[in-house]
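Structural features, examined
Read off the chains here:
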Amino acid sequence: MLLGLVLHAAWLMMPEYFFNSRSDPRGHTGFLYFACWIHVFRMQTFFVIAGFFAHLLVAKRGMRSFLRNRTTRVVLPLFVGMLVLFPLLRWQEIRGGLQTGRIQTELGSWDHTLQHFLDMPSEIGNQWPYHLWFLETLCLLYVLSVVCRFACDRFLDRSGYLRRRVQSAVEEIAGSTFCVPVLAVPVAVLMFWRNSWFGVHVGPLNPSWIGTACYWFIFWIGWCLYVKPDLIQRVGRNWRLKMLAGSLLAVALATVFIGDWKQHRTRVGPVVPEMDLTVIVDEARFRSDLLSDGNAKQDRVRRAIRERIDPEYLAMVRRGERLTSDKAFGLVLQINKNVIDSFDLATIERCADAGLDENPKWKSWVMKPVEERPGSVRKPINAALLHAVFPDSLRPDDPRTRWEAAGYFYAYAVATWLLIVAWFGFFEECFSEQSDKVRYYSDAAYWLYLVHVPVQFEMSLWLGDLSWPPFLKFLAYLAGALMVGVPTYHHFVRSTWVGHWLNGRRYDRKPFLESAVLPGRGDDGVRSG
């Protein structure tokens, strides 16, 4: 979890807007590579560990105790986080959008935020829960695991024979030379199915079940490792070589992803008709075509598209402002919402004006009235119409071949498992002895992870336009999260009911410097309640 603080500090220093509070004019591509490297293994490693300790809890305390424990420490924090942290983060994101022009509105920050939340209930399933997604995914993995265990105990495997055979197979694979390439296969297949080039992706509150299944497989491997924990030492052998190989492979994959991202060939999440900010290749030509009032067939379609764009964004286009990555994202989001998702744009007449009636791929559909077309083709036809009338200013969809995709996803899965087992070996070698400071920050990690994103988002709103060196800003975001998170953990969480809620224990209060900062003996006094 602590690595999340580093990842999200780098996230704010990427060269383009990347679904955070705002972009930074001083952002650097190096931070995008760094974030891609961390993204290959961080949460995958977390879910292996989560599976291991879930099995430990079930084995030592029983299923009922496990469910009570997970409800208290996972379900309730998710619920409280969505009530407290989610609105705060969305407000910060809106303020960042207003700062950078990503959001064009005549309303002020508070009024726009209020209107945004009033409009949200009908679209709550499509909302991204920010860094709280891992709690939702954990809840789903626990439910899947409990259901599978119940089904096996009652119906599918009453004798336990099937589970013993599966456990034996996992132990044999984990202990073999081919552990990484074999474990990579299911992950690669699910990623290929999901077509998510930015790694394993679970999406909004209404989750992707393919992404969730991928994490469940990883979680299940951790579950099986609990039965024979000495396998963790075995897979962690030669961790330096595995770390190097996995890192080099991850950087190579990041190069592919970043290059394709800039060419609009891949997206964050699955490739869909909706577009990302990289779709606009010629800003001046796009503006000219969009504002054209000619009488040509294409101009009639462009007029219909223009009429669907909100006046504030259309005014931004008319002013001729340079499209920064934030503004480009806001404009493309408008196009996705009001054009790609339109129900009545691609009429028979407009499709004929755009030449789609001569395209073999679309001809059979566009000759039908809009209301007679299945919902599955509405967005793709709208996207094809849009590209047809802006041929020189929008990048066409040009996805890689299925063989290229299969190779990429398998290489990604191999890099993931190489780095997972390498980190196991690293921690086994370097942190196998008891340390009060390591224990202190292990306990603090949950709280630090929950509170660090709003801290870093808020800092980005104040520091984003400053011309500091990129690495100095990165350090500032990381230091700010720690300077807020560690003292609040020590004084308001560690020795209080909140600490017992999140970590299952409370510690006797000790001086802050002695426990959290100064070397030597830390805080090891424990109270259970």
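For the structure, see preceding data.
Attention in this report is confined to the structure presented alongside it.

Cut-offs and rules
Residues numbered from 1 in each chain as written. Predicted model: local features only at pLDDT ≥ 70, side-chain atom pairs only at ≥ 80, totals over all residues. Heavy atoms only, no water. Core = buried A, V, L, I, M, F, W, Y, C linked by side-chain atoms within 4.5 Å. Buried < 20%, exposed > 50% of the residue type's maximum accessible area, 1.4 Å probe, protein only. Helix = DSSP H or I, 4+ residues; strand = E, 2+ residues; numbered from the N terminus. Contact = heavy atoms within 4.5 Å. Phe/Tyr/Trp six-rings, centres within 6.5 Å; stacked < 30°, edge-to-face > 60°. Lys NZ or Arg CZ within 6 Å of the ring centre and 35° of its normal. Salt bridge = Lys/Arg side-chain N within 4 Å of Asp/Glu carboxyl O. Arc of directions from axis to C-beta.

A look at the nonpolar core
By size, the foremost hydrophobic cluster in this structure holds 118 residues, and its most contacted members are F47, F134, Y215, F257 and W417. Counting residues per element, this core draws most heavily on helix 2 (residues 29-61), which supplies 17 residues. Contacts of Y215, omitting those with residues within four sequence positions, involve M43, Q44, F47, W133, T137, L141, V200 and V202.

Looking at the packing of aromatic side chains
Overall, the coordinates contain 45 aromatic pairs when judged by the stated rule. Between the aromatic rings of F46 and F47, the centroid separation amounts to 5.2 Å while the plane-to-plane angle is 80 degrees, which identifies the pairing as edge-to-face. Grouping residues by exposure puts F46 and F47 together as buried. With 5.2 Å between their ring centres and 70 degrees between their planes, Y440 and Y441 make a pair best called edge-to-face. For Y440, a relative accessible area of 0% puts it in the buried group. Accessibility expressed as a relative area gives 23% for Y441, which makes it partly exposed. Between the NZ or CZ atom of R302 and the centre of the ring of F390, over which it lies, the distance is 5.7 Å.

With respect to the environment of D397
Inspection of the secondary structure assignment puts D397 in the loop between helix 17 (375-389) and helix 18 (402-430). D397 sits in the partly exposed class, given a relative accessible area of 42%. The spatial distance from the C-alpha of D397 to the C-alpha of P273 is 9.0 Å, given a sequence separation of 124 residues. Not counting residues up to four positions away in its chain, the partners in contact with D397 are H264, R267 and H387.

So, the pattern of salt bridges
Summed over the entire model, instances satisfying the criterion amount to 26 salt bridges. Between D299 and R302 there is a salt bridge, with its nearest N and O atoms 3.0 Å apart. With D299 and R302 both in helix 12 (residues 297-307) and three residues apart, this pair spans about one turn of that helix. The two residues D299 and R302 agree in class, both being buried.

Topic: helix 13 (residues 311-319)
Within the sequence span of helix 13, burial applies to Y313, L314, M316 and V317. In an axial view of helix 13, the angular spread of the buried residues amounts to 155 degrees, which keeps them on one side of the axis. Away from its buried face, by an angle of more than 90 degrees, helix 13 presents the exposed residues P311 and R318. The secondary structure elements touched by the buried residues of helix 13 are helix 11 (283-290), helix 12 and helix 14 (325-340). Following helix 13 by one or two positions, G320 has its phi on the positive side, about 75 degrees.

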